[in-house]
Amino acid sequence: MRFAMPDTCLADSISIGKIYTFRGKVANRKTMSDSIQEQSDVAIEKQRFDTACRRCTEDFNQTIAAGNTGAFGEDVLRFYIELLKDPVVVQPILALLGEGHLVEEAVEKVFNDLTKQFQELEDEYFRGRAQDIVDVKNMLHARLGGLTSESANFDDSYPKEDFILLAHTLTVPELLALAQHPLRGVLCQEGNPTSHAAIVAKGLEIPGWFGYDWTNLGSDLENHILILDGVRNEIFLDPSDEILSSYQVAIAKQRDQKLRLRNLVHTKGHTIDGKTVGLLANISNPGETNLAAQEGADGVGLFRTEFLFLDNKGLSEEEQYEVYSTVCRTLEGRSLTIRLADIGGDKLAGSIDSEPEQNPFLGVRGWRLLDEQQALLRTQVRALLRVSKESPIDIMIPMISTVEEMIKARDVIRDEAHRIGVCVPRIGIMVEVPSVAICVEQFTPYVDFFSIGTNDLTQYTLAADRTNSQVRHLYQELHPAILRLIHRVVRVSQQHNIDVSVCGELAGDVRGAFVLTGLGIQKLSMNPSKILKVKENLKRYSFFQFEELAKSAMNCSTQEQVRELLTRFCKE
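Described below are features of the structure shown in this document. The model shown is predicted, which means the values in this text are computed figures rather than measured ones.

Cut-offs used in this document
One numbering rule holds for all chains: residues counted from 1, following each sequence as written. At least 70 in pLDDT is required for a residue's local features to be given in this predicted model, at least 80 for side-chain atom pairs to be given and counted, and no such filter applies to totals for whole chains, interfaces and linings, which use all residues. Water and hydrogen atoms were dropped before computing side-chain values, which therefore reflect all heavy atoms in the structure. Secondary structure elements follow DSSP: runs of H or I no shorter than four residues count as helices, runs of E no shorter than two count as strands, and numbering proceeds from the N terminus. Contacts between residues were defined by any pair of non-hydrogen atoms, one from each residue, lying within 4.5 Å. Strand pairing is defined by DSSP finding a minimum of two bridges between the two strands. An axis is simply a line fitted to the C-alpha atoms; with a helix, the fit covers only the stretch in contact. Between two such axes, the angle follows the N-to-C directions and lies from 0 to 180 degrees. Oblique is the label for every angle not falling under 35 degrees (roughly parallel), over 145 degrees (roughly antiparallel), or within 65 to 115 degrees (roughly perpendicular). Only Asp, Glu, Lys and Arg are considered charged in this grouping, and only Ala, Val, Leu, Ile, Met, Phe, Trp, Tyr, Cys and Pro are considered nonpolar; every other residue, Gly among them, is considered polar. Relative accessibility under 20% of the residue-type maximum defines a buried residue, over 50% an exposed one, and the middle range a partly exposed one, all with a 1.4 Å probe and only protein chains included. Aromatic pairing here means that ring centres of Phe, Tyr or Trp (its six-membered ring) are within 6.5 Å. Orientation follows from the plane angle: under 30 degrees is stacked, over 60 is edge-to-face, and everything else is tilted. Charges are assigned to positions over rings by a cutoff of 6 Å between ring centre and Lys NZ or Arg CZ, combined with an angular limit of 35 degrees from the ring normal. Among buried residues, those of type Ala, Val, Leu, Ile, Met, Phe, Trp, Tyr and Cys that are joined through side-chain atoms within 4.5 Å constitute a nonpolar core. Salt bridges are defined by distance alone: a side-chain nitrogen of Lys or Arg within 4 Å of a carboxyl oxygen of Asp or Glu. Here a crossing is taken to be left-handed if its near helix is turned anticlockwise relative to the far helix by less than a right angle, and right-handed if that turn runs clockwise.

Topic: the overall build of the chain
- Looking only at helices and strands, the chain has 22 helices and 15 strands in total.
- Long-range pairs, those at least 24 residues apart, make up 69% of the contacts in the chain between residues at least 6 apart in sequence.

Things to note about the side chain of Glu-234
- Residue placement: Glu-234 occurs in strand 7 (residues 234-237).
- Once you skip the residues sitting within four places of it in the chain, Glu-234 turns out to touch Arg-2, Phe-3, Met-5, Trp-209, Ile-227, Leu-228, Asp-229 and Tyr-247.

As for the sheet that holds strand 13 (residues 449-452)
- On the basis of which strands lie adjacent, the closed barrel formed by eight strands has the order 8-9-10-11-12-13-14-15 and parallel pairing. Direction aside, the axes of adjacent strands within the sheet are offset by 25 degrees on average.
- Direction of pairing for strand 10 (residues 335-339) relative to strand 11 (residues 394-397): parallel, over a ladder of three bridges. In the sheet register, Ile-338 faces strand 11, and the bridge partner there is Ile-395.
- Contacting strand 8 (278-283), strand 9 (299-303) and strand 10, helix 11 (residues 317-331) crosses the sheet at an angle of about 155 degrees to strand 10.

Description of the packing of helix 19 (residues 510-519) against helix 22 (residues 559-571)
- Following both chains from N to C, one finds helix 19 and helix 22 inclined at 95 degrees, their axes separated by 11 Å at the closest point. Taken together, the axes of helix 19 and helix 22 lie roughly perpendicular to each other. Between helix 19, through Arg-511, Phe-514 and Val-515, and helix 22, the contact on the second element is made entirely by Arg-563, Leu-566, Thr-567, Phe-569 and Cys-570.
- Here the residues of the contact of helix 19 with helix 22 are counted per class, giving five nonpolar, one polar and two charged.

A word on unusual backbone geometry
- Of note, Asp-220 is a non-glycine position whose phi angle comes to about 50 degrees, a positive value.
- Classification of Asp-220 by relative accessible area gives exposed; the value is 65%.

Examining the sheet that holds strand 6 (residues 225-229)
- Ordered by their spatial adjacency, seven strands build an open sheet running 1-7-6-2-3-4-5, and the pairing between neighbours is mixed. In this open sheet, the two strands that pair with only one neighbour each are strand 1 (2-4) and strand 5 (208-210). Averaged over all pairs of adjacent strands, the angle between strand axes in this sheet comes to 30 degrees, irrespective of strand direction.
- Of the strand pairs in this sheet, strand 2 (residues 14-22) and strand 6 are connected by five bridges, and their pairing is antiparallel. Looking at the pairing, Lys-18 lines up with Ile-225 of strand 6.
- Contacting strand 2, strand 6 and strand 7, helix 9 (residues 241-262) runs over the sheet at an angle of about 110 degrees to strand 2.

A word on the packing of aromatic side chains
- In the structure shown here, the tally under the stated rule is 11 aromatic pairs.
- Clustering of aromatic rings is evident, with ring pairs tying together Phe-514, Tyr-541, Phe-546 and Phe-569.
- Over the ring of Phe-543 we find Lys-275, and its NZ or CZ is 4.9 Å from the ring centre.
- Over the ring of Tyr-321 we find Arg-386; its NZ or CZ atom is 4.2 Å from the centre of that ring.

A few points about the nonpolar core
- Among the nonpolar cores identified, the biggest contains 89 residues, and Ile-397, Phe-450 and Leu-524 are the most heavily contacted of them.
- In contact with Ile-397, other than residues within four places in its own chain, are Leu-340, Trp-367, Met-406, Ala-409, Ile-413, Ile-427, Gly-428, Ile-429 and Met-430.
- Grouped together as the second largest cluster of nonpolar side chains are 51 residues, Cys-53, Phe-118, Leu-121 and Leu-170 included.

Regarding the pattern of salt bridges
- For the structure on display, the rule yields 36 salt bridges.
- Glu-161 serves as the salt-bridge partner of Lys-18, at 3.2 Å between the closest nitrogen and oxygen. With Lys-18 in strand 2 and Glu-161 in the loop between helix 6 (149-153) and strand 3 (163-167), this residue pair connects regions lying 143 residues apart in the sequence.
- Looking at Lys-18, the relative accessible area reads 30%, which means it is partly exposed.
- Judged by relative accessible area, which is 44%, Glu-161 ranks as partly exposed.
- Its salt-bridge partner being Asp-371, residue Lys-408 comes within 3.2 Å of it at the nearest N-O pair. Placement of Lys-408 in helix 14 (residues 403-420) and of Asp-371 in helix 12 (residues 367-372) is noted, with a sequence separation of 37 residues between them.
- Note on Lys-408: relative accessible area 41%, which makes it partly exposed.
- Of the residues examined, Asp-371 reaches a relative accessible area of 23% and is grouped as partly exposed.

Points about the packing of helix 21 (residues 543-554) against helix 22
- Two elements in contact, helix 21 and helix 22, have axes separated by 10 Å at closest approach and are oriented at 155 degrees. With respect to each other, helix 21 and helix 22 are oriented roughly antiparallel. Read as a crossing pair, helix 21 and helix 22 show a hand that is right-handed. Of the residues in helix 22, those in contact with Gln-545, Phe-546, Leu-549, Ser-552 and Ala-553 of helix 21 are Val-562, Leu-565, Leu-566 and Phe-569.
- Considered class by class, the residues forming the contact of helix 21 with helix 22 number seven nonpolar, two polar and no charged.

This is how it looks when you write it as structure tokens:
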């Protein structure tokens, strides 16, 4: 039986296995009473909380020490460790314990309140952190209930042959433990593609879907055969012999392709006639830098720094400096573009007093917020400038819409550079607002490079929120209007000898990369896992072919016509 799936699979790959339904054990919790009568019990509850935190931390550290955490697992576990000692979590729990509440009750209340804060945020990545908070809460409850690391997280038996995991919820430690067995795919009811468990699964190249209600497949599914197709976004339950056989052949080809792609790691991206195309990585945390290097990235075209400001205060200048220095060392001389925090007031947990906004996407975000929060801005700028003394970096400013904003941002960086006695690094901006693309000539005296963010540029040009399912069909990255705006930025940049790249999702799409290369984009920045596939396909065609393709695409009237054009191009 075939089931269509959303286009949010964790990996563009295929897997086959028997279904294994995972049920983590839950410890019995104490009954939630209104208070503890004896003061000595308060001390006991505080000790129980301290012990549970310490043992969870030990569990996480042991998993890190054992290795096999994939590209992102270690960073997620370290995030958990920091969460367990964050004053935002610890202080309210201790206060409730001092008032005479049970530790189970205090943990439940504080973590639930924090979860609610994150669930109400606009940004999908930050909403995904809500599930992490729930996971840590449940692991604390398990430790408080007396379960050991193994019994708290894992079921009693594991399949000995290839299996597809079906789970209601899945924590990162559970996933990492299951991945030591022949785990070939995941369907998880809770979470979303940006939850940490999903990110870790992606780093381990495990296909699957998070936030999918697999009970739709039926009941009593244990040991049934399931095929996950992340290429066509479909799954097959108990497939026919013919379908099963065809997918087994496809998996063999997939294995051969992976081996073939690995041979391209140390080669440069280029067309068949020798036109060089820089292929860089988009990363969201330091752990992804290793993956970028492993996938043969020429550097990092977009280092998102929003994760530094998840808690109520953000990292200090020294802490930020250490993060940026670590990334520079890992890249070993490859280029690095670091974007100032692209955040809105509602995405910082308690650190900024701001009025609720009816439309945060058109409100105080990116540079607008940084300009209002000068202490936050200058702390990040100083940390970046200190790193620039040791390694060459580019600083990129998000959500610029006017020349006045650009001049003000540049002046802040220059001012801080003068204060600490360093040279000003290259400064560029994200082109994600139509006003910048239309008036790009006016920005050229003030920038060293442009980086086109096709995700937001599409959203703002076509007035279609990409997270709103009701208008999702209008979010069209290959719409001729988007292609013409990109071409305009490229043409003007070439006239002024200014670097221009693309760092949106379109860059990591093979067909999108064809059009962008034809438009004159010389650097494409993408998810690290996309680099080798784009590299392999670019060298099949000449730059002249891509140029002609781009010209034809810009003359189309609709995105559908562009897609049809690309289909014909790839078949020729």
